[in-house]
Amino acid sequence: MENGNRDLITREVTLNMGPQHPSTHGVMHLILHMQGEKIVKAEPDIGFLHRGMEKIAENLLYSQFVPYTDRLDYLSSMTNNLGYVMAVEKLLNIEVPERGKYIRVITSELSRISSHLLAVGAWGLDLGAITIVLYAFREREMILDLFEMLCGARLTYNYMKIGGVRGDLPPGFIEKCKEFVNIFPKRVDEYEGLLTGNRIWLRRNKGIGVVTAEDAINLGLTGPSLRGSGVNWDIRKDEPYLVYDRFDFKVATGENGDCFDRYIVRVEEMRQAARIIEQALQQIPDGPVNADVPEFVLPPKEDVMTKMESLIHHFKLISHGFKPPKGEVYSSIEAPKGELGFYIISDGSERPFRVKIRAPSFVNLQGIDHMSKGAYFADVVAVISSLDPVFGEVDK
Amino acid sequence: MNELSTDNHKNSSSLSIKDLLKKVFFIDLIQGLFITFNYTFTKTITERYPDDEKWIPYKRFRGLHTLNRNKEGKELCVGCELCQKSCPTQCITVIPMEDKTGKGIADRIAYRWEINLLRCMFCGLCEDACPTEALKLGREYELASFSMQRQIRSKEELIKPQPIPVEFEGGVIVRATLEKGDKEIKVKPDLSVQKRWW
């Protein structure tokens, strides 16, 4: 060890952590080079959940790939859907109606809350605080209920579609959502009561996995992992998409860049997301949710039943898809885990020539070596939880 | 960004008397224990599935596929094969046939309509593609079975009327009974006794 002149130097041991270890958030395999109890090097070994998402996209119509994006970061499918459809919309140059944009904001913020709830809950679970995950899951269950009401699924939503969303808000959704937003801040106080002041939680997280602002930028970290180091970068604020520029919210940042700061950033982001939802529910206008572009977007079902042109467009779009113009686009959004980007190359045919997914967990995972170097073995668990990698997204 | 959050948690460097007392008397741990203790007196939110209770999903739920009839009892499916074409996993097989007997709404019906649930990912694109609203994803979600063959469901089974009426709003926990059969285990709901959990 560099600093441990009095440490007993022993033979370096290589330890395999995962891929079935319960605290590695899925199928993560970490090869730890250890000197006694301390980490010399942590190498993530990925690919156990590789399904070839990018290649699958090349063989499907543009609209058929949306359900596959659900399976990237399966804890916040809604934002994955959003990232992909926004990239395709940029390629096609479609403008989504106002109501559609507001619905997208509401659902992606709900998704952010549910993702952070699981991140914080599982983090507590990994470090031995089992109560928190049960409480966090109660609120997560409420959000899943709302999503089930909205789009009929609890995990793989497939709610966004190119040019809008799959259906307008069902009756009773806004009331239930308001009820949730009212309850939620009090529940966050409860989580903080359980964790934030707890001396064990502080000892396990403060000063662990430190990454400075400069290192965080150099490593390419995004999302809460970057903001925990004090870098004020949030795509929602700095390059606003949809209607995020109309809401009043703050970007939470930490100071020291340790695990505890990343935890605080997540908790604060949950509060801010609830504020955004509240404002969006007040501002949401009436009107259509889907863009009226018959050559790219499916016409509404009522029109298909009554109008000949709509029926023809419907058959044409389903059986052949649409042909976007030739070109390349990159579009990114602020997903719960960081910057989620889709880079699409179109060769003018009805299938994408190439889809590159910039998955936040994949990039954040490379910070793990930097963060856990010199730490104890037990701290690696805290570091993994604080990065919150989801392996559907890392392995693609 | 200090005014946001980190200020409250920055008290580790200067340990005042108050903080010391808090630490000595385990205030931080008692605060957490107080929260959990309070929950002893609140309503239980868990659901006793499958023995006594069952969750009835909302109307838009995407469960097992259903094929529907119109009000006169004619089959709505016209065998247009759009569901087959829209399916990303190619799990739907449709073989259309001509039919002059008036079984369907047009002179074309599905001779065979099959779904392979092992491949299906319940994305609902087939539902969006159906031009006659014949195909809907229903509210059946207990799909486990003892054989792989059982996972291929055909038209004859899917066109039967649903156990939960389409008009039923859903989103409630109802009373249910567990029924164990030779081929499947089913939980039979009783829609008259309902409760909401939040």
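Keep in mind the model is a prediction, meaning the values are calculated, not measured.

Chemist: What exactly am I supposed to notice about the overall build of chain B here?
Modeler: Across its full length, chain B holds five helices and eight strands. Each helix and strand of chain B, placed in order from N terminus to C terminus, yields the pattern α-α-β-β-α-β-β-α-β-β-α-β-β. For 198 residues, the compact-globule estimate of 2.2 N^0.38 gives 16 Å, and chain B exceeds it by more than 25% at 27 Å. On the principal axes, the C-alpha backbone points of chain B span a range of 90 × 40 × 35 Å. With 198 residues in all, chain B has 39% of them scored as buried. Within chain B, contacts between residues at least 6 apart in sequence are counted, and of these 69% link residues at least 24 apart. As presented, chain B carries roughly 12,000 Å² of accessible surface, and 56% of it is formed by carbon and sulfur atoms. Computed over 32 positive and 28 negative side-chain charges, the separation of the two mean positions in chain B equals 1 Å.

Chemist: Would you mind showing me how to read the overall build of chain A here?
Modeler: When helices and strands are tallied, chain A shows 17 helices and eight strands. The C-alpha radius of gyration computed for chain A amounts to 22 Å, which stays within 12% of the reference 21 Å derived for 396 residues, consistent with globular compactness. Projected onto the principal axes, the alpha-carbon positions of chain A cover approximately 85 × 45 × 35 Å. Taking all 396 residues of chain A together, the buried fraction comes to 62%. When contacts within chain A are restricted to residue pairs at least 6 apart in sequence, those whose partners lie at least 24 apart make up 71%.

Chemist: What is the right way to read the domain arrangement of chain B from this model?
Modeler: In many analyses, interface size is given as the accessible surface area lost on bringing the parts together. By domain assignment, chain B separates into domain 1 (2-40) and domain 2 (59-168). The C-alpha-based centres of domain 1 of chain B and domain 2 of chain B are spaced at 58 Å.

Chemist: Sorry if this is basic, but what is going on with the sheet that holds strand 4 (residues 108-116) of chain B here?
Modeler: As a general point, the strands of a sheet are linked pairwise by backbone hydrogen bonds and lie either parallel or antiparallel. Residues and elements named next belong to chain B. What the three strands build is an open sheet, ordered 3-4-6; its pairing is antiparallel. Each edge of the sheet is formed by a strand with only one pairing partner; in this case those strands are strand 3 (92-98) and strand 6 (152-154). Looking at each pair of strands side by side, their axes are set apart by 15° on average, direction ignored. The sheet contact formed by strand 4 and strand 6 spans three bridges and is antiparallel. Residue Asn116 lies in a different strand from strand 6, and its bridge partner there is Ile152.

Chemist: Honestly, the nonpolar core in this entry has me stumped. Any pointers?
Modeler: In a soluble, globular protein the nonpolar side chains are often hidden away together inside. Residues and elements named next belong to chain A. Leu110, Ile113 and Phe180 are the most contacted members of the largest nonpolar core, which totals 126 residues. Here this core takes 12 residues from helix 11 (residues 259-283), the largest share from any one element. Residues contacting Ile113, with those up to four places away along its chain left out, are Ile143, Phe180, Phe184, Met270, Ala273, Ala274 and Ile277.

Chemist: Explanation requested: the pairing of strand 7 (residues 172-180) of chain B in the structure shown.
Modeler: Taken residue by residue, a regular strand's side chains alternate between the two faces of the sheet. All names here are of chain B. Pairing between strand 1 (residues 53-56) and strand 7: four bridges, direction antiparallel. Looking at the pairing, Lys54 lines up with Val174 of strand 7. Where strand 7 lies against strand 8 (residues 185-195), eight bridges are found, and the strand directions are antiparallel. Pairing of Val174 across the sheet is with Gln194, part of strand 8. Hairpin connection of strand 7 to strand 8: four residues between the antiparallel strands.

Chemist: Please clarify how the interface of chain A and chain B should be interpreted in this entry.
Modeler: Of the residues lining the interface, 62 residues belong to chain A; the matching set on chain B comes to 47 residues. With both chains or domains summed, chain A and chain B bury close to 4,600 Å², and 57% of this area falls on carbon and sulfur atoms. Applying the counting criterion to the chain A and chain B interface returns three salt bridges. For the pair chain A and chain B, the number of links is 23 residue pairs in polar contact (both at pLDDT 80 or more). Those elements that provide at least two residues to the side of chain A that touches chain B are helix 2 (66-69), helix 5 (131-151), helix 6 (173-195), helix 11, helix 12 (301-306) and helix 13 (308-320) of chain A. Ranked by residue count, the leading element in the side of chain A that touches chain B is helix 5 of chain A, at 11 residues. Grouping the amino acids of the side of chain A that touches chain B by side-chain chemistry returns 25 nonpolar, 17 polar and 20 charged.

Chemist: Help me understand unusual backbone geometry, please; the structure alone is not making it clear to me.
Modeler: All names here are of chain B. Looking along the chain, the bond that leaves Tyr49 and enters Pro50 is cis, with omega of 0°. Inspection of the secondary structure assignment puts Pro50 in the loop between helix 2 (27-38) and strand 1. For Gln90, which is not glycine, the phi torsion reads 50° and is therefore positive. Its place among the elements puts Gln90 in the loop between helix 3 (82-86) and strand 3. The backbone of Phe122 sits at a positive phi, close to 55°, despite the residue not being glycine.

Chemist: How should I be thinking about the pattern of salt bridges in this particular structure?
Modeler: Should the charged atoms of two oppositely charged side chains come close, the side chains can pair. Residues and elements named next belong to chain A. Tallied over the entire structure, the rule returns 43 salt bridges over all chains. Two residues, Glu54 and Arg354, come together in a salt bridge whose shortest N-O distance is 3.2 Å. Of this pair, Glu54 sits in helix 1 (residues 53-58) while Arg354 sits in strand 8 (residues 354-358); the two residues are 300 residues apart in sequence, bridging distant segments of the chain. Judged by relative accessible area, which is 16%, Glu54 ranks as buried. You can call Arg354 partly exposed: its relative accessible area is 29%. For Glu192, the salt bridge goes to Arg271, with nearest N and O atoms at 2.7 Å. Of the two residues, Glu192 sits in helix 6 while Arg271 sits in helix 11, which places them 79 residues apart along the sequence. Of the residues examined, Glu192 reaches a relative accessible area of 18% and is grouped as buried. Of the residues examined, Arg271 reaches a relative accessible area of 22% and is grouped as partly exposed. Three or more residues are tied together by salt bridges with common partners; here these are Glu109, Arg112, Arg227, Asp234, Arg236, Glu269 and Glu334.

Rules behind the numbers
- Numbering of residues begins from 1 in every chain and follows the order in which that chain's sequence is written.
- Chain labels run from A onward and ligand labels from 1 onward, assigned in the order the entries are written.
- Reporting in this predicted model follows two pLDDT cut-offs: at least 70 for local features of residues, and 80 or more for side-chain atom pairs to be given and counted; totals over whole chains, interfaces and linings ignore these cut-offs and use all residues.
- The side-chain figures draw on all heavy atoms in the structure; neither hydrogens nor water molecules are used.
- Counting from the N terminus, the helices are DSSP H or I runs at least four residues long and the strands are E runs at least two residues long.
- Each radius of gyration reported is based on C-alpha atoms, and the globular scaling rule is 2.2 Å times the count of residues to the power 0.38.
- For every residue, the accessible area (1.4 Å probe, protein chains only) is compared with the maximum for its type, and the residue is labelled buried under 20%, exposed over 50%, or partly exposed between those bounds.
- In this description, contact between two residues means that some pair of their heavy atoms is separated by no more than 4.5 Å.
- Residue exposure ignores everything except the shown protein chains as possible cover, and the areas themselves are Shrake-Rupley values with a 1.4 Å probe.
- Neither His nor the chain ends is counted toward charge; the positive residues are Lys and Arg and the negative residues Asp and Glu.
- Note that the charge is assigned to NZ on lysines, CZ on arginines, CG on aspartates and CD on glutamates.
- Start and end positions for the domains come from either an automated domain assignment or a database one.
- In this scheme, strands are said to pair when DSSP sees at least two bridges between them.
- Helix axes use the C-alpha atoms of the stretch in contact, all axes being lines fitted to C-alpha atoms, and the angles between their N-to-C directions lie in the range 0 to 180 degrees.
- Take the buried residues of types Ala, Val, Leu, Ile, Met, Phe, Trp, Tyr and Cys, join any two whose side-chain atoms come within 4.5 Å, and each joined set is a nonpolar core.
- When two parts are put together, the accessible area they lose, computed with a 1.4 Å probe and summed over both, is reported as buried area.
- Between Lys or Arg on one side and Asp or Glu on the other, a salt bridge is scored when a side-chain nitrogen of the former is within 4 Å of a carboxyl oxygen of the latter.
- Counting of polar contacts relies on pairs of N or O atoms within 3.5 Å, with two restrictions inside protein: one atom must be capable of donating a hydrogen and the other of accepting it, and residues adjacent in sequence are counted only when both atoms are side-chain atoms.
- Following the grouping adopted for this structure description, the nonpolar residues are Ala, Val, Leu, Ile, Met, Phe, Trp, Tyr, Cys and Pro, the charged ones are Asp, Glu, Lys and Arg, and the polar ones are all others, Gly among them.

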